[in-house]
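# Inside the fold
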Amino acid sequence: MRRLNLDQLHTFSEVIDAGSFSAAAARLDLSQPAVSLQVRQLEQRLNVRLIERVGKRLKPTSAGLTLLEHARRIDAAVEDAMRALSSHASGVVAGEVAIGTGATACIHLLPPMLRAMRKRHPMLDIRVSTGNTDDVVTAVTENRLDIGLVTLPAAGRSLHITPVLRDEFVAIAPAGDQQWATEVTPQRLAAAPMVAFESGSSTRLLIDEWFLQAGLRVRPVMALGSIEAIKEMVAAGLGYSIVPRMSVNAAHYRRGLRVAALTPELSRTLAIVVRQDKPLTTGLRKVLSALEALGSTA
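A short tour of the structure in this document, coming up. (Residues numbered from 1 in each chain as written. Predicted model: local features only at pLDDT ≥ 70, side-chain atom pairs only at ≥ 80, totals over all residues. Heavy atoms only, no water.)

### Description of the overall build of the chain
Filter applied, for reference: Secondary structure elements are defined from DSSP: runs of H or I of at least 4 residues count as helices, runs of E of at least 2 residues count as strands, and each element is numbered from the N terminus. Each radius of gyration is computed over the set of C-alpha atoms, and the globule rule expresses the reference value as 2.2 Å times the number of residues to the power 0.38. When accessible area is computed with a 1.4 Å probe and restricted to protein chains, residues below 20% of their type maximum are described as buried, those above 50% as exposed, and intermediate ones as partly exposed. The contact definition used throughout considers only heavy atoms, calling two residues in contact when any of these lie within 4.5 Å. Note on areas: Shrake-Rupley, 1.4 Å probe, and residue coverage restricted to the protein chains presented here. Neither His nor the chain termini are counted; the positive set is Lys and Arg, and the negative set is Asp and Glu. Where a charge lies is defined by one atom per residue type, namely NZ (Lys), CZ (Arg), CG (Asp) and CD (Glu).
Within the chain, the secondary structure is distributed over 12 helices and 12 strands. The C-alpha radius of gyration computed for the chain amounts to 31 Å, which surpasses the reference 19 Å derived for 298 residues by more than 25%, pointing to a less compact arrangement than a globule. With respect to the three principal axes, the spread of C-alpha positions in the chain is 100 × 35 × 30 Å. Per-residue burial over the chain gives 39% buried out of 298 residues. Counting only contacts in the chain whose residues sit at least 6 apart along the sequence, the fraction spanning at least 24 positions is 72%. For the chain, the computed accessible surface area is about 16500 Å², with 51% contributed by carbon and sulfur atoms. Averaging the locations of the 35 positively and 28 negatively charged side chains of the chain gives two centres separated by 4 Å.

### Some remarks on unusual backbone geometry
Across the junction of Leu152 and Pro153, the peptide omega takes the value 10 degrees, indicating a cis bond. Considering the arrangement of structural elements, one finds Pro153 in the loop between strand S5 (147–151) and strand S6 (159–174). In this structure, Pro264 follows Thr263 across a cis peptide bond, with omega equal to 0 degrees. Note on placement: Pro264 falls in the loop between strand S11 (257–262) and strand S12 (267–275). A positive phi angle, close to 60 degrees, is found at Asn47, a residue other than glycine. Tracing the chain through its elements places Asn47 in the loop between helix H3 (32–46) and strand S1 (51–54). We note that Asn143 has phi near 65 degrees; this positive angle belongs to a residue other than glycine. If you trace the backbone, Asn143 turns up in the loop between helix H7 (133–141) and S5. Since its relative accessible area comes to 43%, Asn143 is described here as partly exposed.

Here you go:
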């Protein structure tokens, strides 16, 4: 069976509501023959009789009553679709964009950007989920996420990868540690208890490599998946840690902590990943531009 013609379906509904072809024609601003033709074509398409005449008034047949129930729901759905699309046609930025990123960036980097985007584009629904680099890259590749903001390295033949910003790492220790220096080396840290990121995360791999380049291998006393949990454990005096500087930039994030630079330096690069064939809606372009601008504000 061929698909229903929406114009024919709407005309049929108008004929029943108006009670005659001429009255429906006046409502629709069509000629009476045009209205009769549309109803006849609809009957031919469905191979059923939809309207019968009782005296001087038209009424739907049993098949017509069944179709009329569906026609009214279809009309309502079409109206909803047209209203939803009107915002796009008028230039309003709307729709949904799904971003995947790490917990540190989600907590310490994205909130100001998200707040500005919501104020500027209230009809744009930006949804954020967290995960490690591999999980986010996989979700972007499979089109379950629109954009990923991840720690490099990241790879995928179907992906466009754009470095955004460089974030250096720092060492943190309890505020009461009077022996803590302003700069620390792998040799000094290796002998102390370490509260580390969970094994397998891109951040942990970078930190482990930093120690390995100095010929050292560390065995953390704790391995946690939450940057906030790591800072709480350090502030409680359970060890030191190495964390992205963005997680301790603001004064209220430093409560209970001492911060030191690393020698030699260690940093990570955050990058935007998006499918190369991803259709760039207006909303998605706006989000991409805002993420790219993070490099100049971080």
